[in-house]
Amino acid sequence: MTPELVIPPGFQCGVATSAWQIEGDSAGRGPSIWDDFAAKPGTIIDATTADPACDHIAHLDDDLDWLTWLGIDAYRFSISWPRVQPTGQGAFSPHGIDFYNRLIDGLIKRGIEPVATLYHWDLPSALGDQGGWLERDTCERFADYSQRMAEEFGDRVGRWATLNEPWVSAYLGYAAGIHAPGITDPNSAMTAAFHLMLAHGLAMPRLRAAQARNCGIVLNLIPTLPEDEQPETMAASAHIDRLHNQFFLDLLAGRGVSDGLRKSLAQFTDFAFVGDDDLSTIAAPIDWIGENYYTVNRVRGLPASTPLSQVETQVLSAYPGCPPAQFKPREPRSDMGWEVVPAGLTSILHTMATALPGTPIWITENGAAMGDVHDGPHVHDPLRMDYLRSHIEAALQARDEGVDVRGYFAWSLLDNIEWAEGMTKRFGIFAVDPVTQQRTPKDSAHWYRDLLAARQA
Ligand code: IFM
């Protein structure tokens, strides 16, 4: 029999969301690159746009009450940059700032710690039009915006993340082109990845100057698992690991851009975008690091002569320069096609602890898109429940083995817009009726609530 899952004292538990995925009310803010991307035919699988999403702006009080019902310790949300500063520079919007004051005050009143992410992919369109993350100026604008947010909310936000998953912004947005801004150019992806990290580094001292507490960054590191030991598999796996994991960890740890990475990408870039002081700027000490964990990359290399048509180019294009390879996810898989591997979480937590010793880790997202069964007033989601349970266990295993893991946030509170997948993939522990916007806790929400309530017993 599986031993009962017990949350240890002091281990922070919460749920996470992001602005563009839930807020709605796009009229109340400036446009973002995701609005522009979604407006192009064929980009979002079901043509979903930002409205109404979960109409969270209008349902703020309900949603806060559901957070109380869950009994969580902390809520991770993102601030929509174009809601608080419609063009990403110059004037701030009192109306936008007021919304986040209401959210933050509502959390504090309920005894829930606010954990704010400053950038979860919704770059103001005006900055996108000027080149977005290809321009160094965007990094400076991000630092200005971050400081202002800390000045507004720093007295109440318990923890700050500069960026959410810079790998996704850079590589899905600028290499694979399946996320905003929809560019497919390897050099642009590398430039964007670097500038995102520079923006993080520039924001850190500005946050601290404005008295923000506990400042860090959220990555989505993915363990790379070679399917065999053939040289082509090992080469492809190493390439993917360098781009997805090592690049970000090395920069944060002050190790700069490795020779291996420079060599792997030499055909695309000479790294001229790396300025003299940038590496030390990016390596500014962080107070914590977040990991959004979902799956592993199981890789099998293919002979160099393999015709491109036999390679899964759509996914592989997110790793420019990768030798021919296939991703080989095994069963069980989520509705995203992502293999379910709780042990991968334990292993990536060890990787992080080794790369950034002494840095506390939070699992800032973890969850699964799985089919739900609607049954009268009930929504059954046994697979999501198993997923959450097994991954919390995997996190606690790493903790027992000495990794400084401080907490866990389930992704996500609500069924929401899954980016290019629109509303077709559901990650929520609450179902949201698309017509009435009524929230219904799924079995997984009841289970999470009971798990957290058992702590006081
Ligand atoms: O929905 C996303 C979220 O915005 C960032 N992390 C991964 C989730 C699932 O794809």
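Please refer to the structure higher up on the page.
Keep in mind that this is a model prediction, so the values were computed, not measured. (Residues numbered from 1 in each chain as written. Predicted model: local features only at pLDDT ≥ 70, side-chain atom pairs only at ≥ 80, totals over all residues. Heavy atoms only, no water.)

## What about the site of the ligand?
Around the ligand, the neighbouring residues are Gln21, His120, Trp121, Asn164, Glu165, Tyr294, Trp338, Glu365, Trp411, Glu418, Trp419 and Phe427. Measuring from an oxygen atom of the ligand, one finds a side-chain N or O atom of histidine 120 at 2.8 Å. A distance of 3.4 Å separates an oxygen atom of the ligand from a polar side-chain atom of tryptophan 411. Burial of the ligand by the surrounding chains reaches 95%, relative to a free accessible area of 280 Å². Taken together, the residues of the shell around the ligand sort by class into six nonpolar, three polar and three charged. (Near = heavy atom within 4 Å. Polar contact = N/O pair within 3.5 Å; in protein donor to acceptor, adjacent residues only side chain to side chain. Areas by Shrake-Rupley, 256 points an atom, 1.4 Å probe, with all protein chains shown as cover. Nonpolar A, V, L, I, M, F, W, Y, C, P; charged D, E, K, R; others polar.)

## Quick word on the environment of aspartate 375
Looking at the secondary structure, you find aspartate 375 in strand 11 (residues 373-375). Judged by relative accessible area, aspartate 375 falls into the partly exposed class, the value being 40%. Residues aspartate 375 and alanine 175, 200 residues apart in the sequence, show an inter-C-alpha distance of 42 Å. Of the polar contacts made by the side chain of aspartate 375, one reaches the side chain of histidine 380; its length is 2.9 Å. (Helix = DSSP H or I, 4+ residues; strand = E, 2+ residues; numbered from the N terminus. Buried < 20%, exposed > 50% of the residue type's maximum accessible area, 1.4 Å probe, protein only.)

## Let's talk about the sheet that holds strand 5 (residues 215-219)
Judged by pairing direction, the barrel is parallel, and its eight strands sit side by side in the order 1-2-3-4-5-7-10-13 before closing back on the first. For this sheet, the mean inter-axis angle between neighbouring strands, taken without regard to orientation, is 25 degrees. (Pairing = 2+ DSSP bridges. Axes fitted to C-alpha atoms, helices over the stretch in contact; angles between N-to-C directions.)

## Overview of the packing of aromatic side chains
Summed over all chains, the structure comprises 30 aromatic pairs. With a centroid separation of 4.7 Å and an interplanar angle of 55 degrees, the aromatic rings of tryptophan 34 and tryptophan 419 are classed as tilted. Of this pair, tryptophan 34 sits in helix 2 (residues 33-38) while tryptophan 419 sits in the loop between strand 13 (405-411) and strand 14 (430-432), placing them 385 residues apart in sequence. On the basis of relative accessibility, which here comes to 1%, the residue tryptophan 34 falls in the buried class. Taking 6.4 Å as the distance between ring centres and 80 degrees as the angle between the ring planes, the aromatic pair formed by tyrosine 119 and phenylalanine 142 counts as edge-to-face. A residue pair is termed long-range when its members are at least 10 positions apart, and tyrosine 119 in strand 3 (residues 113-119) and phenylalanine 142 in helix 7 (residues 136-153) qualify at 23 residues. (Phe/Tyr/Trp six-rings, centres within 6.5 Å; stacked < 30°, edge-to-face > 60°.)

## Looking at the sheet that holds strand 9 (residues 325-327)
An order of 6-8-9 is seen for the three strands of this open sheet, with the pairing classed as mixed. This sheet does not close on itself; its edge strands, each paired only once, are strand 6 (224-226) and strand 9. Direction aside, the axes of adjacent strands within the sheet are offset by 35 degrees on average. Packing of helix 10 (residues 231-253) onto the sheet brings it into contact with strand 6, strand 8 (297-301) and strand 9, and relative to strand 8 it is tilted by some 140 degrees. (Contact = heavy atoms within 4.5 Å.)

## Topic: unusual backbone geometry
In this structure, the amide linkage connecting aspartate 51 to the following residue, proline 52, adopts the cis form with an omega of 0 degrees. By the secondary structure assignment, proline 52 is in the loop between helix 2 and helix 3 (60-70). Here tryptophan 411 and serine 412 are connected by a cis peptide whose omega angle stands at 15 degrees. Residue position: serine 412 is located in the loop between strand 13 and strand 14. Phi at glutamate 165 takes a positive value of approximately 50 degrees, unusual for a residue other than glycine. With respect to the element layout, glutamate 165 can be found in the loop between strand 4 (159-164) and helix 8 (166-174).

## Let's talk about the pairing of strand 8
When you tally the buried positions in strand 8, you get four out of five residues, the bulk of the element. For strand 6 and strand 8, the ladder comprises three bridges, and the chain directions are parallel. The residue bridging leucine 225 from the neighbouring strand is arginine 298, located in strand 8. The sheet contact formed by strand 8 and strand 9 spans three bridges and is antiparallel. Each residue of the ladder has a partner; that of glycine 301, found in strand 9, is alanine 325.

## Observations regarding the pattern of salt bridges
One pass over the full model with this rule turns up 28 salt bridges. For aspartate 65, the salt bridge identified is with arginine 110, shortest N-O distance 2.8 Å. With aspartate 65 in helix 3 and arginine 110 in the loop between helix 5 (94-109) and strand 3, this residue pair connects regions lying 45 residues apart in the sequence. The class for aspartate 65 is partly exposed, based on a relative accessible area of 42%. Linking glutamate 339 and arginine 298 is a salt bridge whose minimum nitrogen-to-oxygen distance equals 2.7 Å. Taken together, the residues glutamate 339 in the loop between strand 9 and helix 14 (342-355) and arginine 298 in strand 8 connect sequence positions 41 residues apart. What you see here is one network of salt bridges that share partners, running through Asp372, Asp381, Arg384, Asp415, Arg426 and Lys442. (Salt bridge = Lys/Arg side-chain N within 4 Å of Asp/Glu carboxyl O.)

Purely geometric stuff here, so don't read any function into it on its own.
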